[in-house]
Each structure stands twice: as C-alpha cells, then as structure tokens.
Amino acid sequence: MSNVKTNKMKEKFIAYLQVQETGAYNMFDPAAHFAVEVLCCDTVSLEDYVYIMRNYTELYNHYFEKEL
C-alpha cells in the first residue's frame, strides 16, 4: 500500500502510537483523533486515521521491524 511508504504517514503513525500509549483515550473517540493531530503538528484526515487503525500491524511491522 502506497500510504505505508510516505514519511508523513510515519509521522502520523508515531503520533497515533504516542496517544495510544498514554492510555488516556479510547482510540475510536474523536478526541483521540484530535490528540493525534496535535502531536503530529499536521492534519490527519479521517481517511488516514482509519487507515492507521485498519492497518496497524502492517504499519508497525513496516516502520519498526528493523528495531526488533
């Protein structure tokens, strides 16, 4: 998937992980989406947010498998 390879998607995914790790939000809550945008300092479209949720494992493996 082409979204996986963009640097912007990596930034958005890392912001998603940071929000998730706080444990302060249900990631399905719109407030979590807003928190991801704030951390990312960029617009995270609903399409991108849903893409991250649906492809979480693929994104994680793509960006972090080298560090394991």
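Refer to the structure printed above.
Enquirer: It is not clear to me how the environment of Tyr60 should be interpreted in this structure. Could you clarify?
Expert: Mapping Tyr60 onto the fold places it in helix 4 (residues 56–64). Taking C-alpha positions, Tyr60 is 9.5 Å from Lys10, a pair spaced 50 residues apart along the chain.

Enquirer: Which parts of the structure should I look at to understand the pattern of salt bridges?
Expert: Oppositely charged side chains can pair when the atoms bearing their charge come close. Summed over the entire model, instances satisfying the criterion amount to two salt bridges. Across the pair Lys8 and Asp42 runs a salt bridge whose closest N-O atoms are separated by 3.3 Å. Note that Lys8 is positioned in helix 1 (residues 7–22) and Asp42 in the loop between helix 2 (30–40) and helix 3 (46–54), a separation of 34 residues in sequence. We note a salt bridge from Asp48 to Lys12, for which the minimum N-O separation is 2.5 Å. Remark: Lys12 occurs in helix 1 and Asp48 occurs in helix 3; sequence separation between them is 36 residues. Each member of the pair, Asp48 together with Lys12, is buried.

Enquirer: Would you explain the packing of helix 1 against helix 3 in this entry?
Expert: The description of two packed helices rests on the angle between their axes and on the distance between the axes. Look at helix 1 against helix 3: their axes get within 11 Å of each other, and the N-to-C directions meet at 70°. By the angle class used here, helix 1 and helix 3 are roughly perpendicular. In this structure, the crossing between helix 1 and helix 3 has a hand that is right-handed. Residue-level inspection shows Met9, Lys12, Phe13 and Tyr16 of helix 1 in contact with helix 3, the latter providing Asp48, Tyr49, Tyr51, Ile52 and Met53. The residue makeup of the contact of helix 1 with helix 3, split by class, is seven nonpolar, no polar and two charged.

What counts, and at which threshold
Residues numbered from 1 in each chain as written. Predicted model: local features only at pLDDT ≥ 70, side-chain atom pairs only at ≥ 80, totals over all residues. Heavy atoms only, no water. Helix = DSSP H or I, 4+ residues; strand = E, 2+ residues; numbered from the N terminus. Salt bridge = Lys/Arg side-chain N within 4 Å of Asp/Glu carboxyl O. Buried < 20%, exposed > 50% of the residue type's maximum accessible area, 1.4 Å probe, protein only. Axes fitted to C-alpha atoms, helices over the stretch in contact; angles between N-to-C directions. Parallel < 35°, antiparallel > 145°, perpendicular 65-115°, else oblique. Left-handed = near helix turned anticlockwise from the far one by under 90°. Contact = heavy atoms within 4.5 Å. Nonpolar A, V, L, I, M, F, W, Y, C, P; charged D, E, K, R; others polar.

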